[in-house]
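One-letter residues, chain by chain:
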Amino acid sequence: MAMTAEELEQLRQDVRILKDIEAIKRVKHAYFRCIDMANIEELKSIFHRDVVVHFIGGTYEWTLRGREQYLEAIAANFNREVVAQHNGHHPEIDVLSETEATGTWYLHDNFYRLWDLHFVTGTALYRDRYVKEDGRWQILESRYERVYEIDHVIAAPPPLTVHYLAKHGRARSGPA
Amino acid sequence: MAMTAEELEQLRQDVRILKDIEAIKRVKHAYFRCIDMANIEELKSIFHRDVVVHFIGGTYEWTLRGREQYLEAIAANFNREVVAQHNGHHPEIDVLSETEATGTWYLHDNFYRLWDLHFVTGTALYRDRYVKEDGRWQILESRYERVYEIDHVIAAPPPLTVHYLAKHGRARSGPA
Amino acid sequence: MAMTAEELEQLRQDVRILKDIEAIKRVKHAYFRCIDMANIEELKSIFHRDVVVHFIGGTYEWTLRGREQYLEAIAANFNREVVAQHNGHHPEIDVLSETEATGTWYLHDNFYRLWDLHFVTGTALYRDRYVKEDGRWQILESRYERVYEIDHVIAAPPPLTVHYLAKHGRARSGPA
């Protein structure tokens, strides 16, 4: 039995959505890889120029507008004196149209501040919006709220045997 | 060269399976998000009414039958006096038919019991069965065995700066 | 409006690539499950016979050639006196042809050496190559460099309540 034109069109839509979901996951996957390695150059292609950011932690809050502000905040905070690990789990992506999508992610992060000896760890729920422009899916909005956050004061820096950001991150500026 | 009706049918099957795999991953992703936030309402749509659960830990064992029993166990255990993190990695989903599937997941969990000062962490291997009913994939069976489990007695509660379950979880009942 | 033969062929290509991406993720997912459980038998089907491995840690370096050497290294190192957790996040898979693909993964690992009381934890970036032979995607090359590594000396073994490798791993050989 042959497929009708309607069935074929449905199939094409289904495949487009599956491809979009995979493409959006990759954008967010690259995001996590790039922040933890302070790869500012590659992050430029990941954020929409008008990206809106709102992250509510227990010990901080990020409210940012626009790609330049976001890139600067990452470069400043993922500096030589931190160890950063951000893993995004459990994507729930909804493709709303050929150019719009939303996504939920479950963040787990470990973050060592070597300069004032804090180790912050926890989880959060991201609520993102994505837009396809210039043929690429980009992050248009990114918001999260913590599920839990623990802020450990540590007696000494962790015994690091590899520390990528120490070589590739920016020098830290700000209060000692 | 045109496709034969058989080739087209194969393509349609392939796309259905890809959609089912994505849909099943989402169900499990929502499961992890919902247990750690004690979202009992949303969990109702995730479990089949006759769900069977068997989790074998080092310090506990859960043997449950039916959605109501499972929801009650989650509500009771993911209470105000715990901090819960359950992340499911490495899905291996097999779609067996249009309505049946199996899945393997690699769990990593961190669980703080604030009331008796234990921190339990480890990994486990889930072996799940899923069924599609009423147009939705649901969890029909969920079993796991630990790969490792560590049960730390802690001297003090962790220095929490955010604790979602403290506000949204049920009051703990049971021995002090 | 009907699809042209070219459009149909594109659709078929798209579906093949989506299936390949899912198949490759499963190979790597099985890899992580199998190493942490010393499942050498199943690993045989995951590595290409000529697999090349180069892992650069802070406290070790693995340079291996061929499946037998790789399997032996895993069996020797994932022995009864270690606790192993390797989770691969954020896959970025590029399918290059019907039989070739590359992949980037973000590793998070926890590794306890019970015999000399070290706990090593950190992250790394995998750069893999995959090949499809005999109808199966296999790992042809696997390389990683650490993003960070921390090597803790611990005062005592962790309080394990489950330890799969103690029963299923090989006896440790080598210096005490």
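Treat the numbers as computed from the prediction; the structure is a model and nothing was measured. (Residues numbered from 1 in each chain as written. Chains lettered and ligands numbered in written order. Predicted model: local features only at pLDDT ≥ 70, side-chain atom pairs only at ≥ 80, totals over all residues. Heavy atoms only, no water.)

A separate point is the overall build of chain A. In terms of helices and strands, chain A carries four helices and seven strands. Reading chain A from its N end, one meets helices and strands in the order α-α-β-β-α-β-β-β-β-β-α. Across its three principal directions, the C-alpha atoms of chain A cover 70 × 30 × 30 Å. Counting all 176 residues of chain A, 56% fall into the buried class. Partitioning the contacts of chain A with sequence separation of at least 6, the portion at a separation of at least 24 is 60%. For chain A, the accessible area works out to roughly 7,500 Å², and carbon and sulfur atoms hold 50% of it. When the 22 positive and 27 negative side-chain charges of chain A are each reduced to one mean point, those points stand 5 Å apart. (Helix = DSSP H or I, 4+ residues; strand = E, 2+ residues; numbered from the N terminus. Buried < 20%, exposed > 50% of the residue type's maximum accessible area, 1.4 Å probe, protein only. Contact = heavy atoms within 4.5 Å. Areas by Shrake-Rupley, 256 points an atom, 1.4 Å probe, with all protein chains shown as cover. Lys, Arg positive; Asp, Glu negative; His and termini not counted. Charge placed at Lys NZ, Arg CZ, Asp CG, Glu CD.)

The next subject is the interface of chain C and chain B. A common way to state how big an interface is: give the accessible area lost once the parts meet. Contacts between chain C and chain B engage 32 residues on the former and 31 residues on the latter. A combined buried area of about 2,800 Å² lies between chain C and chain B, and 62% of that area is made up of carbon and sulfur atoms. Inspection of the chain C/chain B interface yields five salt bridges. Residue Glu92 of chain B is joined to Arg33 of chain C by a salt bridge in which the shortest nitrogen-to-oxygen separation is 2.8 Å. Taken together, the links from chain C to chain B amount to 15 residue pairs in polar contact (both at pLDDT 80 or more). Every element with two or more residues in the side of chain C that touches chain B is listed here: α1 (5-36), β3 (82-95), β4 (100-113) and β7 (160-163) of chain C. When residues of the side of chain C that touches chain B are assigned to their parent elements, the largest contribution, 15 residues, is made by α1 of chain C. In the sheet, strand β6 (residues 136-153) of chain B pairs with β7 of chain C via three bridges, with the strands oriented antiparallel. The residue bridging Tyr148 of chain B from the neighbouring strand is His163 of chain C, located in β7 of chain C. (Buried area = accessible area lost by both parts, 1.4 Å probe. Salt bridge = Lys/Arg side-chain N within 4 Å of Asp/Glu carboxyl O. Polar contact = N/O pair within 3.5 Å; in protein donor to acceptor, adjacent residues only side chain to side chain. Pairing = 2+ DSSP bridges.)

Next up on the list: the relation of the copies chain A and chain B. For the pair chain A and chain B, the superposition axis carries a translation of 0.0 Å, the fit reaches an RMSD of 0.0 Å, and the rotation angle comes to 120°. What the rotation and shift describe, once combined, is the action of a three-fold rotation axis. It is Val15 of chain A whose C-alpha, among those of chain A, lies nearest the rotation axis, at 4.0 Å. By residue overlap, the copies meet through two different surfaces: only 16% of the interface positions of chain A are interface positions in chain B. (Least-squares fit on C-alpha atoms with pLDDT ≥ 70 in both.)

For the rest of this paragraph, the subject is the relation of the copies chain C and chain B. Note on the copies: chain C fits chain B at an RMSD of 0.0 Å, the axial shift is 0.0 Å, and the rotation between them is 120°. The fraction of interface residues of chain C whose copies in chain B are also interface residues is only 16%, indicating that the copies meet through different surfaces.

Right, let's get into the environment of Val51 of chain A. All names here are of chain A. For Val51, the location among the structural elements is in strand β1 (residues 47-56). Residue Val51 is classed as buried on the basis of its relative accessible area of 1%. In this view, Val51 contacts Leu64, Arg65, Gly66, Arg67, Tyr70, Ile139, Leu140 and Glu141; residues no more than four positions away in its chain are not counted.

Right, let's talk about the environment of Arg67 of chain B for a bit. All names here are of chain B. Structurally, Arg67 is set in helix α3 (residues 67-77). Relative accessible area serves as the criterion here: at 23%, Arg67 is assigned to the partly exposed category. Separated by 72 residues in the primary sequence, Arg67 and Ile139 have C-alpha atoms spaced 9.8 Å apart. Excluding residues within four positions of it along the chain, Arg67 makes contact with Lys44, Phe47, His48, Arg49 and Val51.

In this section: the packing of aromatic side chains. Residues and elements named next belong to chain A. Taken as a whole and judged by the stated rule, the model has 39 aromatic pairs over all chains. One aromatic cluster in this structure is built from Tyr31, Phe32, Phe47, Phe55, Trp62, Tyr70, Trp105, Tyr126 and Tyr144. Over the ring of Tyr126 we find Lys28; its NZ or CZ atom is 3.6 Å from the centre of that ring. One cation-aromatic arrangement involves Arg172 over Trp115; the distance from NZ or CZ to the ring centre is 3.8 Å. (Phe/Tyr/Trp six-rings, centres within 6.5 Å; stacked < 30°, edge-to-face > 60°. Lys NZ or Arg CZ within 6 Å of the ring centre and 35° of its normal.)

Let's shift gears to the interface of chain A and chain B. Of the residues lining the interface, 31 residues belong to chain A; the matching set on chain B comes to 32 residues. Interface area for chain A against chain B, summed over the two sides, is near 2,800 Å², with a carbon-plus-sulfur share of 62%. Along the contact surface separating chain A from chain B lie five salt bridges. Counting across the chain A and chain B interface gives 15 residue pairs in polar contact (both at pLDDT 80 or more). Mapped by element, the contributors of at least two residues to the side of chain A that touches chain B are α1 (5-36), β3 (82-95), β4 (100-113), β5 (118-133) and β6 (136-153) of chain A. Ranked by residues supplied to the side of chain A that touches chain B, first place goes to α1 of chain A with eight residues. Broken down by class, the residue content of the side of chain A that touches chain B amounts to 14 nonpolar, nine polar and eight charged. (Nonpolar A, V, L, I, M, F, W, Y, C, P; charged D, E, K, R; others polar.)

We now examine the side chain of Asn79 of chain C. Residues and elements named next belong to chain C. Topologically, Asn79 is positioned in the loop between α3 (67-77) and β3. Assessed through its relative accessible area of 4%, Asn79 is described here as buried. Polar contacts involving the side chain of Asn79 include one to the main-chain carbonyl oxygen of Ala76, which spans 2.9 Å. Among the polar contacts made by the side chain of Asn79, one reaches the main-chain amide nitrogen of Glu81 at a distance of 2.8 Å. Contacts of Asn79, omitting those with residues within four sequence positions, involve Leu165, Gly169, Arg170, Ala171 and Arg172.

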